[in-house]
Each structure stands twice: as C-alpha cells, then as structure tokens.
Amino acid sequence: MTRVIDGRAIAATLRARIAAEVADLVAETGVRPRLHVLLVGEDPASLAYVRTKEKMAREVGIDGRLERFPGTIGEARLVARIAELNADPAVHGILVQLPLPPQVRTSAVLEAIAPGKDVDGFHPLNAGRLATLSGPPPEDLLVPCTPRGCLLLLEEVLGRGGLCGKRALVLGRSTIVGRPMAALLLAHDATVTIAHSKSRELAEECRRAEILVAAVGRPGLVRGAWLSAGAVVVDVGINRIRAADGTSRLVGDVAFAEALGRVAAITPVPGGVGPMTVACLLDNTLRACRARLAAEGRGSRWPRRSSS
Ligand code: GUN
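Every value quoted in this text rests on a predicted model; they were computed, and no experiment measured them.

A.B. asks: Looking at this structure, I do not really get the side chain of His123. What am I missing?
C.D. replies: Counting through the fold element by element, His123 comes out in the loop between helix 4 (106–112) and helix 5 (124–131). We classify His123 as buried; its relative accessible area is 12%. Of note is the side chain of His123, whose polar atom sits 2.9 Å from the backbone nitrogen of Leu125. Excluding residues within four positions of it along the chain, His123 makes contact with Leu110, Glu111, Ile113, Pro115 and Asp118.

A.B. asks: Help me understand helix 3 (residues 75–87), please; the structure alone is not making it clear to me.
C.D. replies: Along an α-helix, residues three or four apart share an orientation, since each turn contains 3.6 residues. With 13 residues, helix 3 extends 19 Å from end C-alpha to end C-alpha; this agrees with the ideal 18 Å at 1.5 Å per step. For helix 3, the complete set of buried residues consists of Glu75, Leu78, Ile82 and Leu85. Seen along its axis, helix 3 keeps its buried residues to an arc of 90 degrees; they face one direction. For helix 3, the exposed residues set more than 90 degrees away from the buried face come down to Ala76, Arg77 and Ala87. Buried residues belonging to helix 3 abut strand 2 (34–40), strand 3 (63–69), strand 4 (93–96) and helix 4.

A.B. asks: In this structure, what is going on with the pairing of strand 2? I would like to understand it.
C.D. replies: Working note: regular strand, side chains alternate between the two faces of the sheet. Of all 7 residues that make up strand 2, 7 are buried, and the element is covered over most of its length. Residues Arg34, His36, Leu38 and Val40 point to one face of strand 2 and Leu35, Val37 and Leu39 to the other, with burial holding for every one of them. Relative to strand 3, strand 2 runs parallel, the two being bridged by 7 bridges. Opposite Leu35, over in strand 3, you have Gly64 as the bridge partner. For strand 2 and strand 4, the ladder comprises 4 bridges, and the chain directions are parallel.

A.B. asks: I would appreciate a short explanation of the sheet that holds strand 3 in the present structure.
C.D. replies: Pairing in this open sheet of 3 strands is parallel, and the strands run 3-2-4 from one edge to the other. Among the strands making up the open sheet, the edge pair consists of strand 3 and strand 4. In this sheet, neighbouring strand axes are inclined to one another by 15 degrees on average, regardless of whether the strands run parallel or antiparallel. Contacts from helix 3 reach strand 2, strand 3 and strand 4 within the one sheet, and its direction differs from that of strand 2 by about 175 degrees.

A.B. asks: In this structure, what is going on with the site of the ligand? I would like to understand it.
C.D. replies: As a matter of local geometry, the ligand sits amid Leu95, Val96, Gln97, Leu98, Asp120 and Phe122. Taken by itself the ligand offers 280 Å² of open surface, and the protein chains cover 81% of this. Each residue belonging to the shell around the ligand can be placed in one class, and the counts come to 4 nonpolar, 1 polar and 1 charged.

A.B. asks: Honestly, the packing of helix 1 (residues 7–29) against helix 10 (residues 273–295) in this entry has me stumped. Any pointers?
C.D. replies: Axis angle and axis distance: for two packed helices, these are the angle between their axes and the distance between the axes, and together they describe the pair. Packing of helix 1 against helix 10 leaves a shortest axis separation of 9 Å and a crossing angle of 20 degrees. With respect to each other, helix 1 and helix 10 are oriented roughly parallel. Here helix 1 and helix 10 pass one another in a crossing that is left-handed. In this structure, helix 1 uses Gly7, Arg8, Ile10, Ala11, Leu14, Arg15, Arg17, Ile18, Glu21, Val22, Leu25 and Thr29 to contact helix 10, whose residues at the interface are Pro275, Met276, Ala279, Cys280, Leu282, Asp283, Leu286, Cys289, Arg290 and Leu293. Its residues placed into classes, the contact of helix 1 with helix 10 shows 14 nonpolar, 2 polar and 6 charged.

A.B. asks: What is the right way to look at unusual backbone geometry in this model?
C.D. replies: What you tend to see is this: most non-glycine residues have negative phi, and most peptide bonds are trans. Cis geometry is adopted by the peptide bond preceding Pro99, which originates at Leu98 and carries an omega value of 5 degrees. Within the chain, Asp189 stands out as a residue other than glycine whose phi angle is a positive 70 degrees. Within the secondary structure layout, Asp189 lies in the loop between helix 7 (178–187) and strand 6 (191–195). Look at Asp189 and you get partly exposed, because its relative accessible area is 49%. One non-glycine residue, Glu201, lies in the positive phi region at around 50 degrees. Within the secondary structure layout, Glu201 lies in the loop between strand 6 and helix 8 (202–208).

Cut-offs applied
Residues numbered from 1 in each chain as written. Predicted model: local features only at pLDDT ≥ 70, side-chain atom pairs only at ≥ 80, totals over all residues. Heavy atoms only, no water. Helix = DSSP H or I, 4+ residues; strand = E, 2+ residues; numbered from the N terminus. Buried < 20%, exposed > 50% of the residue type's maximum accessible area, 1.4 Å probe, protein only. Polar contact = N/O pair within 3.5 Å; in protein donor to acceptor, adjacent residues only side chain to side chain. Contact = heavy atoms within 4.5 Å. Expected span 1.5 Å × (residues − 1). Arc of directions from axis to C-beta. Pairing = 2+ DSSP bridges. Axes fitted to C-alpha atoms, helices over the stretch in contact; angles between N-to-C directions. Near = heavy atom within 4 Å. Areas by Shrake-Rupley, 256 points an atom, 1.4 Å probe, with all protein chains shown as cover. Nonpolar A, V, L, I, M, F, W, Y, C, P; charged D, E, K, R; others polar. Parallel < 35°, antiparallel > 145°, perpendicular 65-115°, else oblique. Left-handed = near helix turned anticlockwise from the far one by under 90°.

Distances and angles like these do not, on their own, reveal function.
In structure tokens, the structure reads:
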C-alpha cells in the first residue's frame, strides 16, 4: 500500500500552530508580524500564488500585504522600494514573487532585500548559511520555503532522524528548490545526489533512491518503473496540462498513477507540497519577526520546538 501524503492536512496543522504563536506574540509584545509581497506584472499563475500567500497570512494573524507593479517597471525603482521596506520597522518579511521581467535582474533584486527580512531565504547570505550548515538549521535561519516544506513532509513519513544515511536523489538544480533541498537533506545526514537536464541514466539514478524529490517542471517525467519499492517520493512539479476539449488539470513531475502501489509514500499534485510552501513562508515571517524583536531586546522568548 502506498501512503498518499496529505500535504493539505499537514500544512493546516502547521498553520494552526503558527496562528497560536502569532496570537501569543501579539499578546506579549503588541507587535503583529507583517509580510510584504511584491508582484511585478500580470502573470495569472503568479497572481494566484501571491493572493494565496496574502490570504493565508491573514488567516494566521499575520498582516499580509500585496503591492503590485507594472511589468514595465525598471530595476532601480523596484530596488528603491525594497530599500524603503528594509528601513520600515513595521515590515518583518519581504517577498518578491518570481519570475521577474527581463529588464530586472533577479540577483540585484534578491540581494537588495535585507537578509533578516528575506522570508524566501534566497539572499546569498541566507543561501550561504544553509550551504555551510553542519546539522539541522538553527531557529533564526530563513530557509527557502518549498524545500523546507518537503523536508517536513519527509520527516512526517520517516520520523525525526529518519533521513540519516538514506540515499536521496534531488531532480533539478534550481536555486529555489533543487540546491537548497540538497543542502537540507545533507544537513539531515542523507546521502545526496543532484540530477539535472544533462544527467545520464536518470532512470537508474531514480531506482537507487530511497528518497526522491522531483523538481524539474516536466509533467510525468519520472515513470513508475523508475521507482524502487519502498521509496518516499516528494513531487514538487506543478504542471498544467491542457486536454483537447479545452479543460486543464495540474500534474506533477512523477507519473502518479504508475507510482501508486509501488512506492511507500508519495505526495499528490495538487495537495502535496504546495500548501506546505505557503505554511513555511508564514513560519519564516514569524521567525523573522521574533528575531527582530530579540535583537531589540523585546519579546525574546522563542517557543521551544523542532527546527527542521
Ligand atoms: N516563484 C515560484 N516559487 C517561488 C518562491 O518560492 N518564491 C518566490 N518569491 N517566487 C516564486
């Protein structure tokens, strides 16, 4: 029997804990965490994502704000707005939705965000701290949300410490998912391989994996026959497939129906990794707010909990 990992339910539990902690923080300090989301352009998928982030923030008591800019905006104007948000003590988390239009350098924008407000964990300082970790990340490190969500799902199935010594394969080497995912798995003592579009013998690499995280954005790339019995599969792919009759549906990077009955556990698409990403973003916003208050000598009590 394959366990279908219910990301929606696990994310709801995480959000309930965040909501309780936000309520405690507001009661103790009078400070409400604020998340500022910046969206450039009109891409419908990006707009849907940021609206979800804003709505979920509000549901846990975080002050989520969305600011939109025309797709023609210049890099200097966007960077100047980020500088204002960096300087605003009421703002604890800043997120610039990617991708950005070609006239704006993504690296310039991400490097402009103050590392302490970088709730995406994409600033080179945060990425560097993650890359050089020995052991699980400390509470005050802002780790990219999708990989952290994947890690929490893996720990839900394998238990704490359950990654130790396991052969893990990460498909995809993006800075948003693949690379930070590999760093997190390594920090939890897995034996990590990263495969990508130039890798040879992908099927063979997959067969060896006890843990597989697929993040390549290619619908159904990973076939059921590539997976080993007993593998735990986390599918990060969100690919929209259009049928001839004009309807569309979302599928992952793994051929889900083929994997069912073969692997030990797998995340569905939708309803697997996606809700965890948003929950981890809210958690990062709360962490960023706490770290700021602690640095100011206010409300420095961190709830004791795991730091995966
Ligand atoms: N676009 C796709 N995924 C992400 C993400 O995790 N963060 C941001 N900022 N943009 C994205």
